[in-house]
Amino acid sequence: MLMRHGDYGYGMGLSARGENQSDNIAKQLAENNLIPDVIVHSPVKRAVQTAQRVHDVFNRIAGKDVPMVEREWLADGNYSSVKNVATLDDTQELVLAVSHMPNIESLNESLTGDYSSPGNCQTYVVETQAEHWKDVRKGSILAIFQPS
């Protein structure tokens, strides 16, 4: 799953709207049984805060303490790609990546061939075939969740 961070304010942290967006998306994902094995996120403040809020909702609603892992390659300007995804632990089948533009665009294009620009907190659920993350192939978008 690929999630763009929530709406942010002057200090580049989440705004009240961004907090609500993050909580709303997490609730939608939980209601659809899309609780990841791990949340990987950019070290940038708004992505960290989005990931933490999503984590807290999963913990509260589903009783699942989803691990959070910071990844520098998800930071602004690093143009994340499938080669970076290959560094993920193979025991984790469902991963939520929280990042920024253009990284979400780049990952989505690498994984599906689709180039689109998500709005704040918009989340793509992508299915790909692979026995190991290093062998990930092009897949397709199964669903797109939008914050209300």
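Higher on the page you've got the structure.
Residues numbered from 1 in each chain as written. Predicted model: local features only at pLDDT ≥ 70, side-chain atom pairs only at ≥ 80, totals over all residues. Heavy atoms only, no water.

S.K.: Run through the overall build of the chain, naming residues and quoting values.
M.R.: Secondary structure assignment for the chain yields four helices and six strands. Beginning at the N terminus, the succession of helices and strands in the chain can be written as β-α-β-α-β-α-β-α-β-β. Its C-alpha atoms give the chain a radius of gyration of 14 Å, near enough to 15 Å, the size a compact globule of 148 residues would have. For the chain, long-range pairs separated by at least 24 residues make up 70% of all intrachain contacts whose partners lie at least 6 apart in sequence. Just so you have it, the chain exposes about 7200 Å², and 45% of that area is on carbon and sulfur atoms. (Helix = DSSP H or I, 4+ residues; strand = E, 2+ residues; numbered from the N terminus. Rg over C-alpha atoms; globule rule 2.2 N^0.38 Å. Contact = heavy atoms within 4.5 Å. Areas by Shrake-Rupley, 256 points an atom, 1.4 Å probe, with all protein chains shown as cover.)

S.K.: Run through the sheet that holds strand 1 (residues 2–4), naming residues and quoting values.
M.R.: Strand order in the open sheet formed by six strands is 3-2-4-1-5-6, and the pairing between neighbours is mixed. Only two strands of the sheet have a single neighbouring strand rather than two, namely strand 3 (68–70) and strand 6 (140–145). Sheet twist, expressed as the mean angle between neighbouring strand axes with direction ignored, is 20°. Set on the sheet, helix 1 (residues 16–31) makes contact with strand 1, strand 5 (123–127) and strand 6; between it and strand 6 the angle comes to about 125°. (Pairing = 2+ DSSP bridges. Axes fitted to C-alpha atoms, helices over the stretch in contact; angles between N-to-C directions.)

S.K.: Before we move on, could you go through the layout of surface pockets and cite the residues and values that matter?
M.R.: Roughly 500 Å³ of volume is contained in the largest pocket. Lining the largest pocket are 25 residues, and of these Glu93, Val95, Val126, Thr128 and Trp133 lie nearest its centre. Elements with a minimum of two residues in the lining of the largest pocket: strand 4 (95–99), helix 4 (103–112) and strand 5. Element by element, the count of residues in the lining of the largest pocket is highest for strand 5, at three residues. In terms of residue class, the lining of the largest pocket is built from 17 nonpolar, four polar and four charged. (1 Å grid on protein atoms, 1.4 Å probe; cavity = no way out; pocket = protein on both sides within 12 Å on 5 of 7 lines; lining within 4 Å. Points joined across faces, edges and corners; volume = space filled by probe spheres on them. Nonpolar A, V, L, I, M, F, W, Y, C, P; charged D, E, K, R; others polar.)

S.K.: So what about a negative patch on the surface? Which residues, and what values?
M.R.: Taken together, the side chains of Asp89, Asp90, Glu131 and Asp135 present a region of like negative charge at the surface. For Asp135, a relative accessible area of 33% translates into the label partly exposed. (Patch = residues over 30% accessible without salt bridge, like charges linked within 9 Å, V, L, I, M, F, W, Y side chains within 5 Å. Salt bridge = Lys/Arg side-chain N within 4 Å of Asp/Glu carboxyl O. Lys, Arg positive; Asp, Glu negative; His and termini not counted. Charge placed at Lys NZ, Arg CZ, Asp CG, Glu CD. Buried < 20%, exposed > 50% of the residue type's maximum accessible area, 1.4 Å probe, protein only.)

S.K.: Go over the pairing of strand 2 (residues 38–41), please, and point to the residues and values.
M.R.: Neither face of strand 2 is left uncovered, since the one carrying Val38 and Val40 and the one carrying Ile39 and His41 both have all their residues buried. Bridge analysis of strand 2 against strand 4 gives four bridges, and the strand direction is parallel. For Val38, the partnering residue across the bridge sits in strand 4 and is Val95. The sheet contact formed by strand 2 and strand 3 spans three bridges and is parallel. Across the sheet, His41 pairs through a bridge with Glu70, a residue of strand 3. At this point the chain moves from strand 2, through helix 2 (residues 45–62), to the parallel strand 3, and the crossover so formed is right-handed. (Right-handed = clockwise from strand over helix to strand, strands pointing away.)

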